[in-house]
Structure formats: structure tokens, C-alpha cells
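# Understanding the architecture of this molecule
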Amino acid sequence: IGAPAAWITSGAFSALVLAAAACIVGKDPEKMRMLPRTEGMKNEIIIQRCARLLVYDRSMEVAGGRFVFVGDERWGANSEDIEKAITEKTAAIHYAYVPMRTNPYICPLEDVIEIAHKKNIPVIVDAAGMTLPLDVQNKFMKMGCDLVAVGGKYVGGPNSTGYIYGRKDLIEAIALHSFIGAEAGPKEQSGFYRSIGRG
């Protein structure tokens, strides 16, 4: 799929939890132990009001993310709305990618990526069902998405599986926030990271 790195998760929701954690605290073990308590950290996640998957975007909050909503539920958001919402507390921009959307006022993913990257902000894409043909996933990498979450059921696996792919540094952080990080970590230090993904 053209991704520099990927990580197996226990579903797309879990992938999004780990993505939020990685964007909020990266690989810092002290901050990892504090999650989901993120007061004083870079913890804001920008999301368009008109482009929510209400059950799933809660994943950002599980890791301690605080939503900053932009635009209007009906009339959407534009590039300026998103750009104005970015502050020194912005950890990421969350984008729920649903191809069947009929709302023409959603700020397109391409525009969101351009705005985010100008400010060095990662874009987390919930593309749970966007799996086949494989060049669909490749497209997200070519667009410059930083992290893309996928549900395993859409590639023939059970509901309790998923994966996330994208930037190598963020995937490495996700690994530390996952079950593996909690159990061992890079130096075989069991319990050292106490990562939120162990649950």
C-alpha cells in the first residue's frame, strides 16, 4: 500500500486511540504514563463539525484528546476555519473519510493536509472501510496522510482486528503505546511504558 510503516491493532477504533496518543505525547515515557490526563500538554484535536462519525471520533478522547470543532454542522467548514483553529496546543487534525458523503461543504482531505503540513501538524484519517482495491490505501499515502486507520473486517478479518499505517516516526510511537510497548518496549523493560493501548 506504499506506506513506510504500519501496525496491527485490535480494530480501527483502537488504531485511532493509539494515533491520538502518539500525536499528543509521542514516545515520551513520562507523559505516556499520564494518559489520558493531558492537562498542560499539546492535546487539541481539530475536527470539522459537519464531518463526524460520532461513535468513532470518541477514540481521540480516549487518549486524552480535546476536540476543537470548526465550521457549522450543516454548512460545513472551509480552509480558513481550520487554519484559524490551529494553535500551539494543536496535536493533530482528525479527518473521517467517508466517500459516500453528500455534504459539499466539507473541507476536502487534500486541503486539510496542505494546511496541516504548513504548520507541522499531523493528519489522522479514519478510513476504516477504505481498503479495496489496494490502490485506495496507496492513494492516502500519495496524498500525504500521516496516519490512516483501517478495520480488519474490511479485508476479511474479524471485527476485533485492524491496522494503522503512515509516517514511520508516528508508527514507532504507536508501537510503544500498544500492547507490545506495555509488555516489553524497545529495551525489554516490562511495565516501563505503561501505555494506554495495553487495555
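Located above this text is the structure these notes cover.
Since the model is a prediction, treat every value here as computed from it, not as a measurement.

Here is what the cut-offs are and how they apply
Throughout this document, residue positions are counted from 1 along each chain, in the order its sequence is written. Note on the predicted model: pLDDT of at least 70 is required for a residue's local features to be given, and 80 or more for side-chain atom pairs to be given and counted; whole-chain, interface and lining totals, by contrast, use all residues. Calculated side-chain values reflect all of the structure's heavy atoms, with hydrogen atoms and water omitted. Each axis is a line fitted through C-alpha atoms, taken for helices only over the stretch in contact, and angles between the N-to-C directions span 0 to 180 degrees. Per the convention used, a helix needs a DSSP run of H or I reaching at least four residues, while a strand needs a run of E reaching at least two, with both numbered from the N terminus. What sets the label is the angle itself: under 35 degrees gives roughly parallel, over 145 gives roughly antiparallel, 65 to 115 gives roughly perpendicular, and the rest give oblique. In this scheme the handedness of a crossing depends on how the near helix is turned from the far one: anticlockwise by less than a right angle means left-handed, clockwise means right-handed. Two residues form a contact once any of their heavy atoms are found within 4.5 Å. Throughout, the ten residues Ala, Val, Leu, Ile, Met, Phe, Trp, Tyr, Cys and Pro are labelled nonpolar, Asp, Glu, Lys and Arg are labelled charged, and all others, Gly among them, are labelled polar. Aromatic pairs are defined between Phe, Tyr and Trp rings, using the six-membered ring for Trp, whenever the two ring centres lie within 6.5 Å; interplanar angles under 30 degrees are classed as stacked, those over 60 as edge-to-face, and all others as tilted. A 1.4 Å probe that fits but cannot get out identifies a cavity on a 1 Å grid over protein atoms alone, an open set with protein on both sides within 12 Å along at least five of seven lines counts as a pocket, and a residue lines either if it has an atom within 4 Å of a point. Grid points are joined across faces, edges and corners, and a volume is the space filled by probe spheres set on the points. With a 1.4 Å probe rolled over the protein chains alone, any residue whose accessible area is under 20% of its type maximum counts as buried; one over 50% counts as exposed, and the rest are partly exposed. Note on pairing: two strands pair once DSSP finds at least 2 bridges between them.

### Considering the packing of helix 1 (residues 12-25) against helix 7 (residues 168-177)
Where helix 1 contacts helix 7, the axes come no closer than 8 Å and their chain directions differ by 110 degrees. One element, helix 1, and the other, helix 7, form an angle in the roughly perpendicular class. Every pair of crossing elements has a handedness; the one defined by helix 1 and helix 7 is right-handed. Together, Leu18, Ala19, Ala21, Ala22, Cys23 and Val25 of helix 1 and Leu170, Ala173, Ile174 and His177 of helix 7 make up the contact between the two elements. Split into classes, the residues belonging to the contact of helix 1 with helix 7 amount to nine nonpolar, one polar and no charged.

### Brief notes about the packing of aromatic side chains
For any pair of aromatic rings, the description consists of the separation of the ring centres together with the inter-plane angle of the planes. Applying the stated criterion to the full structure yields five aromatic pairs. Aromatic ring contacts, followed pair by pair, group Tyr95, Tyr97 and Phe140 into a single cluster.

### Looking at the layout of surface pockets
Over the atoms, a rolling probe the size of a water molecule traces out where space has been left empty. In this structure, the largest pocket spans a volume of roughly 390 Å³. In terms of lining residues, the largest pocket is bounded by 20 residues, among which Tyr56, Asp126, Ala128, Gly129 and Tyr154 are the most central. Residue composition of the lining of the largest pocket, grouped by class: 12 nonpolar, six polar and two charged.

### Overview of unusual backbone geometry
Of note, the amide linkage connecting Leu35 to Pro36 takes the cis form, showing an omega dihedral of 10 degrees. With respect to the helices, strands and loops of the structure, Pro36 is situated in the loop between helix 2 (29-34) and strand 2 (44-48). In this structure, Asn120 takes a positive phi of about 65 degrees despite not being glycine. Among the structural elements, Asn120 can be located in the loop between helix 5 (109-118) and strand 5 (123-126). A relative accessible area of 72% means that Asn120 is categorised as exposed.

### Side note on the sheet that holds strand 7 (residues 162-166)
Taken together, the seven strands give an open sheet; going across it, the order is 1-7-6-5-4-2-3, and neighbouring strands pair in mixed fashion. Strand pairing shows two members of the sheet lacking a second neighbour, strand 1 (5-9) and strand 3 (66-70), which therefore form its edges. Neighbouring strand axes in the sheet, compared pairwise and without regard to direction, differ in orientation by 25 degrees on average. Sheet analysis places strand 5 next to strand 6 (residues 147-151), joined by three bridges and oriented parallel. The residue bridging Val125 from the neighbouring strand is Val148, located in strand 6. Against the sheet, helix 1 contacts strand 1, strand 4 (90-96), strand 5, strand 6 and strand 7, and its axis sits at roughly 160 degrees relative to strand 6. Against the sheet, helix 6 (residues 134-143) contacts strand 5, strand 6 and strand 7, and its axis sits at roughly 35 degrees relative to strand 7.

Purely spatial values, then, with no claim about function.
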